[in-house]
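Next come the chains, spelled out residue by residue.
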Amino acid sequence: MTQPNSNNRLTFASRCAKDAVIESLNGHLPPIYATSTFAYPSVEWGQDYFYGKKDNSVYSRMGNPTNKAVAQKVASLEAFDVILEGKEIELQGAFFSSGMSAISAATMACLDKGEGVLAQSNLYGTTNELFQVLFPRYGMSNHLMDFDDLNKIEEQLKENPNIKLVYIETPANPTLKCYPFEEIVFLAKKYDCYTAVDNTFATPYFQRPFQFGVDLVVHSSTKFLNGHGTGISGVVIGQKDTSLFKKVKDQQKILGGNGSPFEAFNLNNGLKSLPLRMQRHEENALQLAQFLDDHSAISKVNYLGLKHHESHELSQKQMFGFGGMLSFEIKEGYEKSVNFLNKLNFCTLTASLGTPDTLLQHPASMSHVNVPKEQRISNGIGDGLIRVSVGIEGIEDILNDIEQALSNS
Ligand SMILES: *Cc1c(COP(=O)(O)O)cnc(C)c1O
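How each quantity is defined
- Residues numbered from 1 in each chain as written.
- Predicted model: local features only at pLDDT ≥ 70, side-chain atom pairs only at ≥ 80, totals over all residues.
- Heavy atoms only, no water.
- Helix = DSSP H or I, 4+ residues; strand = E, 2+ residues; numbered from the N terminus.
- Rg over C-alpha atoms; globule rule 2.2 N^0.38 Å.
- Buried < 20%, exposed > 50% of the residue type's maximum accessible area, 1.4 Å probe, protein only.
- Contact = heavy atoms within 4.5 Å.
- Areas by Shrake-Rupley, 256 points an atom, 1.4 Å probe, with all protein chains shown as cover.
- Lys, Arg positive; Asp, Glu negative; His and termini not counted.
- Charge placed at Lys NZ, Arg CZ, Asp CG, Glu CD.
- Near = heavy atom within 4 Å.
- Polar contact = N/O pair within 3.5 Å; in protein donor to acceptor, adjacent residues only side chain to side chain.
- Salt bridge = Lys/Arg side-chain N within 4 Å of Asp/Glu carboxyl O.
- Phe/Tyr/Trp six-rings, centres within 6.5 Å; stacked < 30°, edge-to-face > 60°.
- pLDDT = per-residue confidence, 0-100.
- Expected span 1.5 Å × (residues − 1).
- Pairing = 2+ DSSP bridges.

A. A look at the overall build of the chain. Looking only at helices and strands, the chain features 15 helices and 14 strands. Against the 2.2 N^0.38 benchmark of 22 Å for 409 residues, the chain shows a C-alpha radius of gyration of 22 Å, consistent with a compact globule. C-alpha atoms of the chain, sized along the principal axes, occupy 70 × 50 × 40 Å. Relative to its 409 residues, the chain shows a buried fraction of 55%. Partitioning the contacts of the chain with sequence separation of at least 6, the portion at a separation of at least 24 is 71%. As displayed, the chain offers around 18000 Å² of accessible surface, 50% of which is attributable to carbon and sulfur atoms. When the 36 basic and 45 acidic side-chain charges of the chain are each reduced to a single mean position, those positions are 6 Å apart.

B. Molecular detail of the site of the ligand. With respect to spatial proximity, 14 residues lie near the ligand, and among them Met100, Asp198, Ser220, Thr222 and Lys223 are the closest. Within the side chain of Asp198, an N or O atom sits 2.7 Å from a nitrogen atom of the ligand. Between Thr222 and the ligand, the recorded distance is 2.7 Å, taken from a side-chain N or O atom to an oxygen atom. Summarising the interface, the protein chains cover 92% of the accessible area of the ligand, which totals 380 Å² for the free molecule. At 3 residues, helix α4 (residues 99-110) tops the list of elements feeding residues into the shell around the ligand.

C. Focus on the pattern of salt bridges. Scanning the entire structure with this criterion turns up 10 salt bridges. With a shortest N-O distance of 2.9 Å, Asp19 and Lys73 are connected by a salt bridge. Residue Asp19 is found in the loop between α1 (12-17) and α2 (43-50), and its partner Lys73 is found in helix α3 (residues 65-78); the two are separated by 54 residues along the sequence. Neither Asp19 nor Lys73 differs from the other in exposure class; each is buried. Across the salt bridge formed by Asp55 and Lys68, the nearest N and O atoms sit 3.8 Å from each other.

D. The packing of aromatic side chains, seen in detail. Taken as a whole and assessed by the stated rule, the structure comprises 13 aromatic pairs. Taking the centre distance of 5.1 Å and the plane angle of 50° together, the rings of Phe131 and Phe135 count as tilted. A residue pair is termed a helical-turn pair when its members lie 3 or 4 positions apart in one helix, as Phe131 and Phe135 do in helix α5 (residues 125-137) at 4 residues. On the basis of relative accessible area, Phe135 is assigned to the buried category, the value being 1%. An aromatic cluster is defined as three or more aromatic residues linked by ring pairs; in this entry it consists of Phe12, Phe80, Tyr205 and Phe206.

E. Representation of the confidence of the model for the chain in the model. When pLDDT is averaged across the chain, the result is 94; 98% of the residues are at 70 or more. Contacts for the low-pLDDT stretch residues 1-5, under 50 throughout, to residues beyond four places or in other chains number 15 contacts.

F. Fine view of unusual backbone geometry. Pro171 follows Thr170 through a cis peptide bond whose omega is -5°. With respect to the secondary-structure elements, Pro171 resides in the loop between β6 (163-169) and α7 (181-190). For the peptide bond that leads from Asn173 to Pro174, omega is -10°, which places it in the cis range. Here Pro174 shows up in the loop between β6 and α7. Although it is not a glycine, Asp81 sits at a positive phi angle of roughly 65°. A relative accessible area of 59% means that Asp81 is categorised as exposed. If you check the backbone angles, Leu176 has positive phi at about 65° while not being a glycine. On the secondary structure map, Leu176 appears in the loop between β6 and α7.

G. Molecular detail of the environment of Pro174. On the accessibility criterion, Pro174 (1% relative accessible area) is buried. Once the C-alpha coordinates of Pro174 and Ala119 are considered, the two residues, 55 residues apart in sequence, prove to be 16 Å apart. Ignoring anything within four residues of it in the chain, the contact list for Pro174 reads Ser327, Pro363, His368, Ile381, Leu385 and Arg387.

H. View of the side chain of Gln251. By the element assignment, Gln251 lies in helix α9 (residues 243-255). Ignoring any residue separated from it by four or fewer positions in sequence, one finds Gln251 in contact with Ala105, Met108, Ala109 and Gly256.

I. Geometry of helix α11 (residues 274-293). Between its first and last C-alpha atoms α11 spans 28 Å; for 20 residues at 1.5 Å apiece the expected length is 28 Å, and the two agree. Turning to α11, its buried residues number three or more, namely Leu274, Pro275, Arg277, Met278, His281, Glu282, Asn284, Ala285, Leu288, Ala289 and Leu292.

J. Quick peek at the sheet that holds strand β13 (residues 359-361). Spatially, β10-β11-β14-β13-β12 is the arrangement adopted by the 5 strands of the open sheet, whose pairing is mixed. Edge positions in the sheet fall to β10 (298-302) and β12 (348-349), since each of these pairs with one other strand and no more. Pairing between β13 and strand β14 (residues 385-389): 3 bridges, direction antiparallel. Following the sheet pairing, Gln361 is matched in β14 by Arg387.

Spelled out as structure tokens, the structure:
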């Protein structure tokens, strides 16, 4: 019997599709272990866990077999083809109740009281709140800045030796601007900082940051990894058996951010078709981007696959494709954008991403209402900017709907 998640020779697509058989009844899919606790066959068996000698499942907050199986699958995808210092990297995953619970566990595992995080100012909104609202209350500082200028990043690190974590989101939401892993990780190491990357937008199908020596990858697996919009979950991936990953697991144990095995089962099913979906998301996104680029009502299209995108070249250097997310600016601004969205029939108006159907949202009136207007505009998010998570439907239906909504608004 193959044990695909421990078999480094399998292709990326096979790692997605195949499940390790995790119990003696030979279930083809991992069962949902709907149990809070696990009976100990003997005192010695229980002791082995509590003394840290074996990773037995003893209580579902600390580890549930369904959760472990899916976290290990995501870890094996992040590890695919990643060779560090001549060796295949060994990664480990932990499954969380949401992307935010994964992000808070990962970032807090890296920091002690008095230490701080350095991050780009155009972060996912709630991550921004975590750093700016929650961190200071617990004695951790935040240093948010424009990540465009590497010299300025180095200045910050030099001036603030308390910074111990550099946090990166690339491609960034919703402009798809990318930041260079190689240079940023180099600087982080030079100043003795951990690096953590939010890989939600790209997924390991398009980007595997461990290749560049980062310490942790976090996911909102609510999005492309689950791929069907069926629930909320998150994953943290790190190098196996390191003291850092042990701290992540401790955060999970103490703060209780473990995900439900039912969500783990849904995520596992979604992962099976990840490569097919991502290919199709990308094909459709490229066609929609080209259509919008030629459209007279649109002033700007942000898609990594377009040659004029400022990160087109960088994305080719550090990614395996351009992804399924794009945004575009409607010339006439705020009111026209609102009318346009209200005229959509086929596409869905909502703020999430990574589902089979196409989702549109308007950052200026939705995801970014709490960002001061000046900061929003300087981050490239104008009043007429629309973000699209391009789905896997027939491209004609997407194009027809957007065309009719543009001309009727
Ligand atoms: C959605 C999202 C999150 C938060 O994830 P939840 O599962 O909603 O908690 C974090 N980062 C990015 C980039 C996201 O898109």
